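The residues making up each chain are set out below.
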Amino acid sequence: MTRVQFGTMSMLLVLLVATTQAAVVRSFPPFEQLQSLENPNLRAVIPLADEDNYRLPNETNPLHYDVYLSTDVHLGYTIFNGTVSITLEVLETTQEIVVHARQLFSFAVTIQQLEVEAATEQTLDHEYEAAREFLTLSKSGLSFPADTKWLLKISYQGNLRTDNGGFYLSTYTDEEGNTKYLATTQFESTDARHAFPCYDEPAKRANFTITIKHDPSYNAISNMPQNLAASSSGVTAFDTTVKMPSYLVAFIVSEFVYSEGELNGLPQRVFSRKGTEHEQEWALTTGMLVEKRLSDYFGVQFALPKLDQAGIPDFAAGAMENWGLATYREEYILYSPENSTINTQTNIATIEAHEDAHMWFGDLVAIEWWSYLWLKEGFATLFEHLAVDLAYPEWNIFQIFHAGSYQSALINDASPYARPMTYFVQKPSEIGLLYDSVSYAKAGSVLDMWRHALTNTVFQRGLHNYLVDNQYSAANPTKLFAAIARAAVEENYEVPALVIDMMASWTNQGGVPLLTVERNYQDGSFSIKQETYTNDKDYKSEKLWYVPVNYVDASNPDFRNTEATHYLLNQSQISIPDAKLAAENWLILNKQSTGYYRINYDSQNWQLIIDGLINRPHKIDPRNRAQLVSDLYRFATSGRVPHATLLTLLTYLPNEDQYAPWSAVNTVISLFNRYLSGDSEYENFQFYVGELVNQQFDKFGVNDLNGEQHLVKFTRNLLINIACLAGVESCLKETKAKLQNLVDDGTPVEPNLQSQVYCNGLKQADSQIFDFVFEKLMDSNDQAERRLLISALGCSQDAAQLEKFVSSSIDQTNGLRVQERITLLSPAYSRGEVGLLASIDFLLVHWEEYALLNTGFGGINPLYSDILGISAYTVNAKQKEKLQELVDLVQNSTFVPETLQASVDANVAANDDWLKVNREPLMSWVSNFRNSSAALNASFLALVLCLLASKLF
């Protein structure tokens, strides 16, 4: 394929901008609703009965728990015995005490009043309400007066669960092939009540003393250090905790081994199964460094005497911030310098930083109720990047933040029905729904916006105030706003309005603003108008925000100072009369893209930006370059700007070498490709993409090099994916050769390239290569590698290979783990028509077996979720017919809701609408681009021949 020099073509491309645009698409197809990065606490919940009030009564309050547990988990037994003694205070006179309990039985309950001489222990009756999981304790004739204290003792039994929730059983195979068992916990948000009866609400803080009886060959760890004086062989007791919520309690009974270190006066350990000790070092060193950076930033030391991190073989959540004992999936804690990828290394650092940040936001200062979940998850999302940036500034980690959390938040917040960050919930089923991009990605992005707008100095001092004022208690957003407002006064920093009004405008209403910029090219001024952004440009809303803005123009392209210079103070529009912008200079708002909003410009300014990108792209910050691409895609496909504006802007890419912009481009190209891959003119689209990527693909290559900057490796992977998608011959040839060499000669593929090599190689692979990768998955003990291989196997474009792959999900004799079985179909049906039809064919035969697979936590049935997923990728008549056959077959079963047909129809209709609006202008433009490129190359060749002839004659 001939490479086109875009500098020579810039004038030609300007002419193509005039391509006309037709109607407006009303909504984005479902597969564009990109999910946020791995959600550390995402899990399904079991809907419970509708009740008016799921909150515990407030007549009593816990002060101290003494928890004693006995388990024979070393034998794989699930039964456990427990006794919990709760010291409680009575705040209002009551006739009963109510605590939470889940799936516990054989209760025996006594109570004794404290601080009263000759008080006797009395037996209490108990009633259990399953819907609200209330264990109500009382005795006829017995009253609990206000201002008294009591010791409540409950003996009980339970079973270790097998769905990775509560107090649960986990298994793994050791190096000798033996099955090993361990018992561990995952309590957030309402599962502490499964291990012991308790006041299972985040604001109900108390001290906990944990004692665990276990086989002497096993060890036990918990939030606090071991109390050696109270421990003996087979009985491990722990020091009493500080006051903390029940959901942060944790304990593990296992044969785990550990590495240890100390920094900043804090001992830290990393635990995992035997045989993985050599993979603990990165998590240990990063954990120590991150904790030091966080405690320095907050000006508040870590509150406990030790901090442990543990990798769990079976773990549904990505990670969990148990105070003093954080738990992780193994792939987020174990790192092999020889075999792990840069992605694994980065994930360990950011997820560990996320959980460490929770030790302050969520642990030291709890939230008053789950309605304020963002108040801890938003800070953890922000500091998973900021703490890593402070620890490893050379990584430029905020490009990853921008490509991940920031973009995810903007996409998911574009619905007219987007919920606010603060959102009232009561029931466990409602609480579970809050673990979404709003609580994580949006909250983190909004907090980062204010960190920049108000300056890091004010923001940092405000967080210090908040943590000190509310430590060992629970807080709400108002307390955060007050702490930041006080910081502004302390730093003598003038804010244009009340901090509570400014910040609450973002937390108390859903959605995201669209700023529209109109320039006056005569006097150099410009205006900014705000409205709610949705994917329907005709949607109207009265919402207004306090929006911080700043700007930069081509005369002084300095993007460093991100402090707000202007505000829309709950106003629909403002003017900037003194900007004095030269008419020939581009204008860009939102330096480094730190403000949480989209920005549209008048057509002339868009053209100036395009010219600036084509001629001097490095003058614009990489995150702004990325956001220009992202915004223009949304504006083009929602009818706000012509498609030609986006497609022309992308022609600057031969000179782009940064990660964030290429990540945005990868999203755009991948979305276009989903719709167009079966188009009769698909080759024109491939030609266009090839011209965008060729130059940088040639520069980055397909070989991993030592000593490269961190993001270079991420960027190379994006370029390989895009180049192979475009059919660039060298990309297809080199990735296939690497995979073939692995199969034939055992030549290892560099870890950082495995995902790209496996996926693109498997697209062209014969059965020998496919079977090699398939068996590699079945034999691997590395969770990160297993995830990579599952994703790659779905890239095959051979129906027989894909049938083998998806069918393995229900083969209980193979090496797939329980939680992996429901993850196989998505990599197949999301990679193209062959995989989509293979997935449907598999479900047509095996839908009942697939529906019975274990989802963990009683979550959404995999049959239902994958049918919805398939419908999101269904774009032509053949696919629709096969999908409808499947829906007709299963829709009357108990595995899917009655709304299945309507949900499928909505997804398919959204895809049809997208194609009706976007296909013609896209394909028309790329066809003109290809024809113009060919004509230009022919003219250039003729000119060269003429010059050569003149020289010769």
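Before any of the text, the structure's been laid out above.
Residues numbered from 1 in each chain as written. Predicted model: local features only at pLDDT ≥ 70, side-chain atom pairs only at ≥ 80, totals over all residues. Heavy atoms only, no water.

A. Highlighting the sheet that holds strand 8 (residues 149-159). Overall, mixed pairing links the 7 strands, which are arranged 5-4-8-2-1-11-13 in an open sheet. Lying at the two open borders of the sheet, with one neighbouring strand each, are strand 5 (122-123) and strand 13 (235-237). As judged from the 11 bridges shared by strand 1 (residues 60-71) and strand 2 (residues 79-90), these two strands associate in the antiparallel manner. The residue of strand 2 that forms the bridge with Val-67 is Val-84. (Pairing = 2+ DSSP bridges. Helix = DSSP H or I, 4+ residues; strand = E, 2+ residues; numbered from the N terminus.)

B. Highlighting the pattern of salt bridges. Under the defined criterion, the tally for this structure stands at 44 salt bridges. Glu-115 is paired through a salt bridge with Lys-149; the nearest N and O atoms lie 3.8 Å apart. Taken together, the residues span a long stretch of sequence, with Glu-115 in the loop between strand 4 (104-113) and strand 5 and Lys-149 in strand 8 at a distance of 34 residues. Residue class for Lys-149 comes out partly exposed when judged on its relative accessible area of 31%. Salt-bridge contacts for Asp-296 lead to Lys-292; the nearest nitrogen and oxygen are separated by 2.5 Å. Residue Asp-296 and its partner Lys-292 are located together in helix 3 (residues 281-298), separated by 4 residues, close to a single helical turn. The exposure class assigned to Lys-292 is partly exposed, which follows from its relative accessible area of 23%. Each of the salt bridges in this network shares a partner with another, and the network as a whole consists of Arg-102, Glu-133, Arg-161, Asp-163, Asp-191, Arg-193 and Asp-200. (Salt bridge = Lys/Arg side-chain N within 4 Å of Asp/Glu carboxyl O. Buried < 20%, exposed > 50% of the residue type's maximum accessible area, 1.4 Å probe, protein only.)

C. The arrangement of the nonpolar core in detail. The biggest cluster of nonpolar side chains holds 302 residues, and the ones touching the most others in it are Phe-196 and Phe-383. Of the residues forming this core, the biggest block, 11 residues, is contributed by helix 15 (residues 659-676). Ignoring sequence-local partners within four residues, the contact set of Phe-383 consists of Leu-294, Tyr-297, Phe-298, Ala-353, Ala-357, Phe-361, Val-388 and Leu-463. (Core = buried A, V, L, I, M, F, W, Y, C linked by side-chain atoms within 4.5 Å. Contact = heavy atoms within 4.5 Å.)

D. Up close: the packing of aromatic side chains. Across all of its chains, the model carries 47 aromatic pairs by this definition. An angle of 40° between the planes, with centres 5.0 Å apart, marks the rings of Tyr-258 and Phe-271 as tilted. Of this pair, Tyr-258 sits in strand 15 (residues 257-263) while Phe-271 sits in strand 16 (residues 266-272), and the two are 13 residues apart along the sequence. For Tyr-258, a relative accessible area of 41% gives the class partly exposed. Relative to Phe-774, the ring of Phe-770 has its centre 6.3 Å away and its plane inclined at 20°; by these criteria the two rings are stacked. Of the two residues, Phe-770 and Phe-774 are both situated in helix 20 (residues 767-779); the distance of 4 residues between them amounts to about one turn of the helix. Judged by relative accessible area, Phe-774 falls into the buried class, the value being 7%. Within the aromatic cluster, the residues linked to one another by ring pairs are Tyr-297, Phe-298, Phe-302, Trp-360, Phe-361, Phe-379, Phe-383, Phe-459 and Tyr-466. Sitting over the ring of Trp-369, Arg-55 keeps its end group 3.7 Å from the ring centre. (Phe/Tyr/Trp six-rings, centres within 6.5 Å; stacked < 30°, edge-to-face > 60°. Lys NZ or Arg CZ within 6 Å of the ring centre and 35° of its normal.)

E. Highlighting the packing of helix 9 (residues 456-470) against helix 10 (residues 477-490). Taken N-terminus to C-terminus, the directions of helix 9 and helix 10 make an angle of 130°; their axes are 7 Å apart at the nearest point. Between helix 9 and helix 10, the crossing angle belongs to the class labelled oblique. When you trace helix 9 past helix 10, the crossing you get is right-handed. Contacts between helix 9 and helix 10 involve Val-458, Arg-461, Gly-462, Leu-463, Asn-465, Tyr-466, Asp-469 and Asn-470 on the former and, on the latter, Lys-479, Leu-480, Ala-483, Ile-484, Arg-486, Ala-487, Ala-488 and Glu-490. Residues that form the contact of helix 9 with helix 10 fall into these classes: 8 nonpolar, 3 polar and 5 charged. (Axes fitted to C-alpha atoms, helices over the stretch in contact; angles between N-to-C directions. Parallel < 35°, antiparallel > 145°, perpendicular 65-115°, else oblique. Left-handed = near helix turned anticlockwise from the far one by under 90°. Nonpolar A, V, L, I, M, F, W, Y, C, P; charged D, E, K, R; others polar.)

F. Main features of a nonpolar patch on the surface. Taken together, the side chains of Leu-75, Tyr-77, Ile-79 and Phe-105 present a nonpolar region at the surface, about 360 Å² in accessible area. Accessibility expressed as a relative area gives 31% for Phe-105, which makes it partly exposed. (Patch = residues over 30% accessible without salt bridge, like charges linked within 9 Å, V, L, I, M, F, W, Y side chains within 5 Å. Areas by Shrake-Rupley, 256 points an atom, 1.4 Å probe, with all protein chains shown as cover.)

G. Here's a closer look at the layout of surface pockets. Each pocket or cavity is described by its volume, and for the second largest pocket that value is around 390 Å³. In terms of lining, the second largest pocket is formed by 20 residues, of which the most central are Tyr-172, Thr-173, Asn-781, Gly-815 and Arg-817. A per-element tally of the lining of the second largest pocket places strand 9 (residues 166-173) first, with 3 residues. A class-by-class count of the residues in the lining of the second largest pocket yields 5 nonpolar, 9 polar and 6 charged. (1 Å grid on protein atoms, 1.4 Å probe; cavity = no way out; pocket = protein on both sides within 12 Å on 5 of 7 lines; lining within 4 Å. Points joined across faces, edges and corners; volume = space filled by probe spheres on them.)

H. Quick look at the environment of Gly-299. Within the secondary structure, Gly-299 is located in the loop between helix 3 and strand 17 (307-312). In this structure Gly-299 comes out as partly exposed when scored by relative accessible area, which is 47%. Note: C-alpha distance between Gly-299 and Leu-467 (168 residues apart in sequence) is 9.2 Å.

I. View of the sheet that holds strand 7 (residues 134-138). Ordered in space as 3-7-6, the 3 strands form an open sheet in which the pairing is antiparallel. The open sheet has two edge strands, strand 3 (96-100) and strand 6 (125-129), and neither has a second partner. Direction aside, neighbouring strands of the sheet carry axes that sit 25° apart on average.

J. Looking closely at the state of the cysteines. For the structure on display, the rule yields 2 disulfides. In this model Cys-724 forms its disulfide with Cys-731; the gap between the sulfur atoms is 2.0 Å. Its S-S torsion of about -95° marks the bond between Cys-724 and Cys-731 as left-handed, since a negative value means left-handed. Across the pair, exposure class does not vary: Cys-724 and Cys-731 are buried alike. The disulfide partner of Cys-759 is Cys-795, and the gap between their sulfur atoms is 1.9 Å. Handedness of the Cys-759-Cys-795 disulfide follows from its S-S torsion of about -95°: it is left-handed. Note that Cys-759 is positioned in helix 19 (residues 754-762) and Cys-795 in the loop between helix 21 (783-793) and helix 22 (799-807), a separation of 36 residues in sequence. The same class applies to Cys-759 as to Cys-795, namely buried. When the bonded cysteines of the protein chain are counted from the start of the sequence, the pairing works out to 1-2, 3-4. (Disulfide = S-S within 2.5 Å.)

K. Seen up close, the side chain of Ser-796. Residue placement: Ser-796 occurs in the loop between helix 21 and helix 22. With residues near it in sequence (within four places) discarded, Ser-796 still touches Leu-762, Phe-770, Gln-801 and Leu-802.

L. Region of interest: the pairing of strand 8. Here strand 8 shows one buried face, formed by Trp-150, Leu-152, Ile-154, Tyr-156 and Gly-158, and one open face, formed by Lys-149, Leu-151, Lys-153, Ser-155, Gln-157 and Asn-159. Inspection of the sheet shows strand 2 paired to strand 8 by 11 bridges, in the antiparallel sense. Note that in strand 8 the partner of Gly-82 across the bridge is Tyr-156. The sheet contact formed by strand 4 and strand 8 spans 8 bridges and is antiparallel. Looking across to strand 8, one finds that Thr-110 is bridged to Lys-153.

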